[in-house]
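An overview of the molecular structure
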Amino acid sequence: MRRVVAFLIDLVVLSIPIVLAVIFIAVFGVVTLGLGWALFWLISPATVIWPVVYYGMSLGGPHSATVGMRMMDLQMRTFSGTPGYFVLGAAHAVLFWASVSLLTPLVLVVGLLNGRRQLLHDLVLGTVVVNNSVVRAAYAQPPGRAY
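**Quick word on the nonpolar core**
It is characteristic of soluble globular proteins that their nonpolar side chains tend to be buried jointly. By size, the foremost hydrophobic cluster in this structure holds twelve residues: Ala6, Leu14, Tyr54, Tyr55, Leu59, Ala65, Met69, Leu74, Met76, Leu88, Ala93 and Val129. Counting only elements with at least two residues in this core, the list comes to α1 (2-31), α2 (43-59), β1 (74-78) and α4 (86-103). Residue contributions to this core peak at three residues, all from α2.

The following block contains the structure:
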């Protein structure tokens, strides 16, 4: 459930710049008497490029999590436990959208059928989404001991 909420938060984060760009182009088109509306062709490529860059930078960044994942205290790791990198984050997004588009949202049932709750694109890429607070608790020092 936390992963679904994180995804919805990320959808809002992804849509804000696109909506602002549409508003800017619309106003710019009015100010330029319609000439600025020719920039609307940029919206379609932006709706593809922006999410790939967002997921690549956030999942491949120091937190290994998108904004929504950070809010839900989740992180993406490889099977070996190492943090992600840009190409892995971008591929994660592309494979997710491709699997949901081609195989319908029922592909999300895969997460209910395996022990690690991995989705199809997680299995293909060798990643797992972990609860960050559980990981921190496992590595926390016992009280009263300083190392």
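**Re the confidence of the model for the protein chain**
Mean pLDDT over the protein chain works out to 89, with 90% of the residues at or above the 70 mark. When mean pLDDT is taken per element in the protein chain, α2 scores highest with 96 and helix α6 (residues 132-139) scores lowest with 64.

**So, the side chain of serine 64**
Mapped onto the elements, serine 64 comes out in the loop between α2 and α3 (67-71). Residue classification places serine 64 among the buried positions, given a relative accessible area of 1%. Setting aside anything within four residues of it in sequence, one finds serine 64 in contact with Ser58, Leu59, Met69, Gln75, Met76, Pro83 and Gly84.

**What about the pattern of salt bridges?**
Tallied over the entire structure, the rule returns one salt bridge. Across the pair aspartate 122 and arginine 3 runs a salt bridge, and its minimum N-O distance is 2.7 Å. Here aspartate 122, found in helix α5 (residues 120-125), pairs with arginine 3, found in helix α1; they are 119 residues apart in sequence, far enough to count as distant.

Conventions used here
Residues numbered from 1 in each chain as written. Predicted model: local features only at pLDDT ≥ 70, side-chain atom pairs only at ≥ 80, totals over all residues. Heavy atoms only, no water. Core = buried A, V, L, I, M, F, W, Y, C linked by side-chain atoms within 4.5 Å. Buried < 20%, exposed > 50% of the residue type's maximum accessible area, 1.4 Å probe, protein only. Helix = DSSP H or I, 4+ residues; strand = E, 2+ residues; numbered from the N terminus. pLDDT = per-residue confidence, 0-100. Contact = heavy atoms within 4.5 Å. Salt bridge = Lys/Arg side-chain N within 4 Å of Asp/Glu carboxyl O.

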